[in-house]
Amino acid sequence: MATSNIDDYIAAQAESLQPLLQKIRQTIRAAAPDATEKISYGMPTFWQGTNLIHFAAFKNHIGIYPGGQAPAVFADRLKNYKTSKGTIQLPFDQPIDYQLISDIVVWRLAQQTTGGYSA
């Protein structure tokens, strides 16, 4: 089912995941208060001049998609997570590092503002 907004996306997920997804949303919102929420590529997305970050629920993890450079820039803090270009997997069997998510969003905003970001 295609969703048109983040509320619908979260409501369509397993009830047990909804509080986690809301907390990720709130974390991103706090780090990027001027960003616009939308659905892009079928995922909750925060946009401010560009897509800052997407997130999505999967069977065993939450995927965070902050763009191609983030996994390298935050490599020291991501060593316990599965990553690939532009993708960070936060498994359900580990505590979510909300400060890391916030720091990545702040970094993305800085990259977007200075034009130093490439996806």
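Up top is the structure these notes are about.
Attention in this report is confined to the structure presented alongside it. None of these values were measured; they are calculated from a predicted model. (Residues numbered from 1 in each chain as written. Predicted model: local features only at pLDDT ≥ 70, side-chain atom pairs only at ≥ 80, totals over all residues. Heavy atoms only, no water.)

Another point: the overall build of the chain. A tally of regular secondary structure across the chain gives four helices and six strands. Counted from the first residue to the last, the chain has its helices and strands arranged as α-α-β-β-β-β-α-β-β-α. Computed over C-alpha atoms, the radius of gyration of the chain comes to 13 Å, within 12% of the 14 Å expected from 2.2 N^0.38 for 119 residues, which places it in the range of a compact globule. For the C-alpha atoms alone, the extent of the chain along its principal axes is close to 40 × 30 × 20 Å. Taking the contacts inside the chain whose residues are at least 6 apart along the sequence as the reference set, 47% of them involve residues at least 24 apart. By element, 51% of the accessible surface of the chain is carried by carbon and sulfur atoms, the whole surface being about 6,300 Å². In the chain, 10 side chains carry a positive charge and 9 a negative one; their mean positions are 7 Å apart. (Helix = DSSP H or I, 4+ residues; strand = E, 2+ residues; numbered from the N terminus. Rg over C-alpha atoms; globule rule 2.2 N^0.38 Å. Contact = heavy atoms within 4.5 Å. Areas by Shrake-Rupley, 256 points an atom, 1.4 Å probe, with all protein chains shown as cover. Lys, Arg positive; Asp, Glu negative; His and termini not counted. Charge placed at Lys NZ, Arg CZ, Asp CG, Glu CD.)

Compared with the 20 Å implied by 1.5 Å per residue over 14 residues, the 20 Å span of helix H2 (residues 18-31) between its first and last C-alpha is a close match. Listed in full, the buried residues belonging to H2 are Leu20, Leu21, Ile24, Arg25, Thr27, Ile28 and Ala31. Projection of H2 onto a plane perpendicular to its axis shows the buried side chains occupying an angular sector of 160 degrees, all on one side. Along H2, the residues that are exposed and aim more than 90 degrees away from the buried face are Pro19, Gln26 and Ala30. (Expected span 1.5 Å × (residues − 1). Buried < 20%, exposed > 50% of the residue type's maximum accessible area, 1.4 Å probe, protein only. Arc of directions from axis to C-beta.)

On to the packing of aromatic side chains. Throughout the structure, instances matching the rule amount to one aromatic pair. Ring centres 5.7 Å apart and planes at 85 degrees place the aromatic pair phenylalanine 74 and tryptophan 107 in the edge-to-face group. Here the residue phenylalanine 74 occupies a position in the loop between helix H3 (70-73) and strand S5 (82-84), and tryptophan 107 occupies one in helix H4 (residues 98-114), the gap between them amounting to 33 residues. For phenylalanine 74, a relative accessible area of 9% translates into the label buried. Lying across the ring of tyrosine 98, lysine 23 places its NZ or CZ 4.4 Å from the centre. (Phe/Tyr/Trp six-rings, centres within 6.5 Å; stacked < 30°, edge-to-face > 60°. Lys NZ or Arg CZ within 6 Å of the ring centre and 35° of its normal.)

For serine 40, the position within the fold is in strand S1 (residues 36-40). Overall, serine 40 belongs to the buried group, its relative accessible area being 12%. Sequence-distant contacts of serine 40, that is, excluding residues within four places in its chain, are made with Thr45, Asn51 and His54.

It is worth spelling out the pattern of salt bridges at this point. Taken as a whole and judged by the stated rule, the model has four salt bridges. Of the charged contacts in the structure, one is a salt bridge between aspartate 103 and arginine 77, with a shortest N-O distance of 2.7 Å. One end of the pair, aspartate 103, is in helix H4; the other, arginine 77, is in the loop between H3 and S5, and 26 residues separate them in sequence. Look at aspartate 103 and you get partly exposed, because its relative accessible area is 25%. Residue arginine 77 is classed as partly exposed on the basis of its relative accessible area, which comes to 32%. Through salt bridges that share partners, Asp7, Arg25, Arg29 and Glu37 make up one connected network. (Salt bridge = Lys/Arg side-chain N within 4 Å of Asp/Glu carboxyl O.)

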